[in-house]
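Structural description and commentary
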Amino acid sequence: MRTTFGSATVRLYRLVDHAGGGGMAETLLYGPLDEALALAAGFPEEIQGELFLATDNDVVAYLDLMAE
C-alpha cells in the first residue's frame, strides 16, 4: 500500500470465498483508515483473512498490511 495517513478515506470490505476465485465483496466501512483498522482488528482471525482495504489507488489485504 502506498504511503497514506490515518484520516485517509478507505473502503474496508470483506471478500467472501476469495480463495475459491468467487464470492462477493461486502463493504463494511467507507471512512478513515484509523477507523477501518480498528473495526478490522475486532473480527476473528478467520474473517480478518477475508478483509481488504482500498484507497483511491491501491488495494491491500488486511493481514498483509498488519504483517508489515
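Every value quoted in this text rests on a predicted model; they were computed, and no experiment measured them.

Cut-offs applied
Along each chain, residues carry numbers from 1 onward, in the same order as the chain's sequence is written. Local features in a predicted model are, by the rule used here, given only for residues with pLDDT of at least 70; side-chain atom pairs are given and counted only at 80 or more, and totals for whole chains, interfaces and linings are based on all residues. Excluding hydrogens and water, the side-chain values take into account all heavy atoms of the structure. Numbering goes from the N terminus for both helices and strands, where a helix is a DSSP run of H or I of at least four residues and a strand is a run of E of at least two. The classification of residues rests on relative accessible area computed with a 1.4 Å probe and restricted to protein chains. Under 20% of the type maximum is buried, over 50% is exposed, and intermediate values are partly exposed. Throughout, a contact is declared for two residues whenever any of their heavy atoms are within 4.5 Å. Centre distance within 6.5 Å is the pairing criterion for rings of Phe, Tyr and Trp, where only the six-membered ring of Trp is used; planes under 30 degrees apart are then read as stacked, over 60 as edge-to-face, and the remainder as tilted. On a range of 0 to 100, pLDDT expresses the predictor's confidence in each residue. Each pair of strands is called paired provided DSSP finds at least two bridges between the two strands. Each axis is a line fitted through C-alpha atoms, taken for helices only over the stretch in contact, and angles between the N-to-C directions span 0 to 180 degrees.

1. A few points about the environment of Ser7
Secondary-structure assignment places Ser7 in the segment before strand E1 (9-15). A residue is classified by how much of its surface remains accessible, and Ser7, at 53% relative accessible area, is exposed. Ignoring sequence-local partners within four residues, the contact set of Ser7 consists of Pro32, Leu33 and Asp34.

2. Some remarks on the packing of aromatic side chains
Inspection of every chain in the model, using the stated rule, returns one aromatic pair. With a centroid separation of 5.7 Å and 20° between ring planes, the pair formed by Tyr13 and Phe52 is classed as stacked. With Tyr13 in strand E1 and Phe52 in strand E3 (residues 51-54), this pair connects stretches of sequence that are 39 residues apart. Of the two residues, Tyr13 and Phe52, neither departs from the other in class, the shared state being buried.

3. Some thoughts on the confidence of the model for the protein
Residues of the protein with pLDDT of at least 70 account for 87%, and the chain-wide mean is 87. Looking over the protein, one finds the lowest element-wise mean pLDDT in helix H3 (residues 62-67), namely 92, and the highest in helix H1 (residues 33-41), namely 96.

4. Examining the pairing of E1
Of the strand pairs in this sheet, E1 and strand E2 (residues 25-32) are connected by seven bridges, and their pairing is antiparallel. Of the residues in E2, the one forming a bridge with Tyr13 is Thr27. Looking at chain direction, E1 and E3 are connected through four bridges and run antiparallel. By the bridge assignment for E3, Leu12 is matched with Leu53.

5. Regarding the sheet that holds E1
Ordered by their spatial adjacency, four strands build an open sheet running E2-E1-E3-E4, and the pairing between neighbours is antiparallel. Among the strands making up the open sheet, the edge pair consists of E2 and strand E4 (59-61). If you compare each strand with its neighbour and ignore which way they point, the axes differ by 25° on average. Packing against the sheet, H1 makes contact with E1, E2 and E3, and its axis sits at approximately 135° to E2.

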